[in-house]
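Residue strings, one per chain:
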Amino acid sequence: EWYRRFSEVRRGRLLAQDDEGADTNAWYDNARRLLAYTHRDLLVCCNLGEEAILVPEAAGASLLLSSDEAVCVDATPALNADSVAIWSVTKHSIPG
């Protein structure tokens, strides 16, 4: 189910924006086993580990979609093991 919603988010973003010149940054944090990338105002995080992790990169961002309904959106968001989340990070600083 969430794959369909992911496709809808992606399609809606592609139709609404011109991607020419849009930077994409990707990085892997080995300590957290976190694979992440940004494109325009999106932050996509994949927890490849076996434990929940904090995702301070998403602090202050709006959760758009996640593969796990238990994604914590507190002051410092958390992402459960083996899950993916997509945030909108407009006007937000992202490392990478």
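Residues numbered from 1 in each chain as written. Predicted model: local features only at pLDDT ≥ 70, side-chain atom pairs only at ≥ 80, totals over all residues. Heavy atoms only, no water.

Focus: the overall build of the protein chain
So, step 1. In terms of regular secondary structure, the protein chain is built from one helix and seven strands.
So, step 2. Each helix (α) and strand (β) of the protein chain, taken in turn from the N terminus, gives the series α-β-β-β-β-β-β-β.
So, step 3. Taking all 96 residues of the protein chain together, 34% fall into the buried category.
So, step 4. Long-range pairs, those at least 24 residues apart, make up 48% of the contacts in the protein chain with a sequence separation of at least 6. (Helix = DSSP H or I, 4+ residues; strand = E, 2+ residues; numbered from the N terminus. Buried < 20%, exposed > 50% of the residue type's maximum accessible area, 1.4 Å probe, protein only. Contact = heavy atoms within 4.5 Å.)

What to know about the nonpolar core
So, step 1. With 14 residues, the main nonpolar core has Leu-34, Ala-36, Leu-43, Cys-45, Val-55, Leu-79 and Trp-87 as its most contacted residues.
So, step 2. If sequence neighbours within four positions are ignored, Trp-87 has contacts with Asp-41, Leu-42, Leu-43, Cys-45, Val-55, Ala-58, Ala-61, Ser-62, Leu-63, Leu-64, Val-71 and Pro-77.
So, step 3. In terms of nonpolar packing, the next biggest core, distinct from the first, is built from seven residues, Trp-2, Val-44, Cys-46 and Val-84 among them. (Core = buried A, V, L, I, M, F, W, Y, C linked by side-chain atoms within 4.5 Å.)

A closer look at the pairing of strand S2 (residues 34-39)
So, step 1. Bridge count between strand S1 (residues 24-29) and S2: six bridges; the pairing is antiparallel. Note that in S2 the partner of Asn-25 across the bridge is Thr-38.
So, step 2. From the end of S1 to the start of S2, which pair antiparallel, there are four residues, and Arg-33 there has a positive phi angle of about 55°.
So, step 3. Here six bridges tie S2 to strand S3 (residues 42-47), and the two strands are oriented antiparallel to one another. By the bridge assignment for S3, Ala-36 is matched with Cys-45.
So, step 4. Linking two consecutive strands that pair antiparallel, namely S2 and S3, is a turn of two residues; a positive phi of about 55° is found at Arg-40 within it. (Pairing = 2+ DSSP bridges.)

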